Amino acid sequence: MPDSYTNLLYHVVFSTKERRPLITAEYEVRLYDYIGGMIRKVGGISLEFNGTSDHIHLLAKLRPDCALSNVLRDLKASATGWMH
């Protein structure tokens, strides 16, 4: 019986509005934890986080049945709401 295997890895970069330095050291770890939880909620795996005060790099493995645009839209909206 034929099987299908996928390994969808995405490098995603989020920046703050107008590249303002809003991601302070006190928020950085908590923000990464929150985003990691959101990725797990959609069935993905967050492999690596990194960034500076004005942007975040995320390496994530996502399921093939999840549209990347929907995942990123929800992730960005949730993270923005959490920061406010």
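Residues numbered from 1 in each chain as written. Predicted model: local features only at pLDDT ≥ 70, side-chain atom pairs only at ≥ 80, totals over all residues. Heavy atoms only, no water.

**Overview of the packing of helix α1 (residues 25-41) against helix α2 (residues 68-83)**
Right, so step 1: Between α1 and α2, the shortest axis-to-axis distance is 10 Å and the interhelical angle comes to 145°. Seen from above, α1 lies across α2 with right-handed handedness. In contact with Y27, R30, L31, Y34, I35, M38 and I39 of α1, α2 contributes D74, L75, S78, A79, W82 and M83.
Right, so step 2: The class makeup of the residues in the contact of α1 with α2 is ten nonpolar, one polar and two charged. (Axes fitted to C-alpha atoms, helices over the stretch in contact; angles between N-to-C directions. Helix = DSSP H or I, 4+ residues; strand = E, 2+ residues; numbered from the N terminus. Left-handed = near helix turned anticlockwise from the far one by under 90°. Contact = heavy atoms within 4.5 Å. Nonpolar A, V, L, I, M, F, W, Y, C, P; charged D, E, K, R; others polar.)

**So, the nonpolar core**
Right, so step 1: By size, the foremost hydrophobic cluster in this structure holds 16 residues, and its most contacted members are L31, I35, I39, F49, I56, L58 and L75.
Right, so step 2: Looking at this core, the elements that each hand over two or more residues are β1 (8-15), α1, β3 (55-62) and α2.
Right, so step 3: Once residues lying within four places of it in the same chain are set aside, the contact partners of L75 are F14, I35, M38, I39 and L58. (Core = buried A, V, L, I, M, F, W, Y, C linked by side-chain atoms within 4.5 Å. Buried < 20%, exposed > 50% of the residue type's maximum accessible area, 1.4 Å probe, protein only.)

**Considering the confidence of the model for the protein**
Segments scoring low in pLDDT should not have their predicted coordinates read at a detailed level.
Right, so step 1: This prediction gives the protein a mean pLDDT of 91; 99% of its residues lie at or above 70.
Right, so step 2: Across the protein, the element-wise mean pLDDT spans from 91 in α2 up to 95 in β3. (pLDDT = per-residue confidence, 0-100.)

**Quick notes on the layout of surface pockets**
Right, so step 1: Considered as a void within the structure, the largest pocket measures approximately 430 Å³ in volume.
Right, so step 2: Taken together, 17 residues line the largest pocket, and the ones lying closest to its centre are S15, T16, K17, T80 and M83.
Right, so step 3: With four residues, α2 is the single largest residue contributor to the lining of the largest pocket.
Right, so step 4: Of the residues contributing to the lining of the largest pocket, the split by class is eight nonpolar, five polar and four charged. (1 Å grid on protein atoms, 1.4 Å probe; cavity = no way out; pocket = protein on both sides within 12 Å on 5 of 7 lines; lining within 4 Å. Points joined across faces, edges and corners; volume = space filled by probe spheres on them.)

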